[in-house]
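# Topology and contacts: notes
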Amino acid sequence: KQWYQRRVRGSELEQFCRSNTPHLALNMVGGRETVSLLKCLGEGSNLVTYGAMSNSPMVVPFGPMVFKDITLNNYWMTRWTRRFAGSVAEASMFEQIAEWFRTGKLTPTPHEERSFFDHEEAFKSAFKRKQLFVVERTLKDSRAGSSDFLVTL
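My aim in this report is to walk through the structure given alongside it, one point at a time. Computed from a predicted structure; not experimentally measured.

## Quick word on a nonpolar patch on the surface
A grouping of Leu-24, Leu-26, Met-28, Val-29, Tyr-50, Met-53, Tyr-75, Met-77 and Phe-94 is seen on the molecular surface, where their side chains present a nonpolar patch of about 820 Å² in accessible area. On the basis of relative accessible area, Met-77 is assigned to the partly exposed category, the value being 34%.

## Describing the pattern of salt bridges
Taken as a whole, this structure holds 3 salt bridges when the rule is applied. With a shortest N-O distance of 2.5 Å, Glu-112 and Arg-114 are connected by a salt bridge. Relative accessible area serves as the criterion here: at 26%, Glu-112 is assigned to the partly exposed category.

## Comments concerning the nonpolar core
Judged by nonpolar contacts, Leu-13, Ala-25, Leu-37, Leu-38, Leu-41, Leu-47, Val-60 and Ile-70 together constitute the single largest core of 8 residues. Not counting the four nearest positions on each side in its chain, Ala-25 is found in contact with Leu-37, Leu-41, Asn-46, Leu-47 and Val-48.

## A closer look at the side chain of Ser-125
Structurally, Ser-125 is set in helix 6 (residues 119-125). Those residues in contact with Ser-125 that lie beyond four places of it in its chain are Arg-114 and Gln-131.

Reading guide: rules and limits
Residues numbered from 1 in each chain as written. Predicted model: local features only at pLDDT ≥ 70, side-chain atom pairs only at ≥ 80, totals over all residues. Heavy atoms only, no water. Patch = residues over 30% accessible without salt bridge, like charges linked within 9 Å, V, L, I, M, F, W, Y side chains within 5 Å. Areas by Shrake-Rupley, 256 points an atom, 1.4 Å probe, with all protein chains shown as cover. Salt bridge = Lys/Arg side-chain N within 4 Å of Asp/Glu carboxyl O. Buried < 20%, exposed > 50% of the residue type's maximum accessible area, 1.4 Å probe, protein only. Core = buried A, V, L, I, M, F, W, Y, C linked by side-chain atoms within 4.5 Å. Contact = heavy atoms within 4.5 Å. Helix = DSSP H or I, 4+ residues; strand = E, 2+ residues; numbered from the N terminus.

Written out as structure tokens, the structure reads:
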């Protein structure tokens, strides 16, 4: 199986589902979008909810669960971390994820890597593309003489 990471919503989700049949959906928002995700999933799929950003109830129709054999799961990273921090299970999980990235089975969300010194441009671009502040780039820029932004701890 090949892994695709794609963040889609609304009409873009409907268009995506016309040409794709995912078997795993990760639901961070909850609310009405959950029904769209369920409709998109193929037979024997899983919907994993790991957040409730909408603060709306998650209304789930029984049809897709019964007729498409879709399983609903939930996940809370904070609880998992408390339970498995420093364990073999945690190390194994991160090693598996790293392997998927190394082999191209999992790809990062499209993003722009920036120095903290580029914070104004990052804020302007934040709604167009994910912005990632990289410490090494910031340190390199600070050694090159940029000093208009200071982070103190």
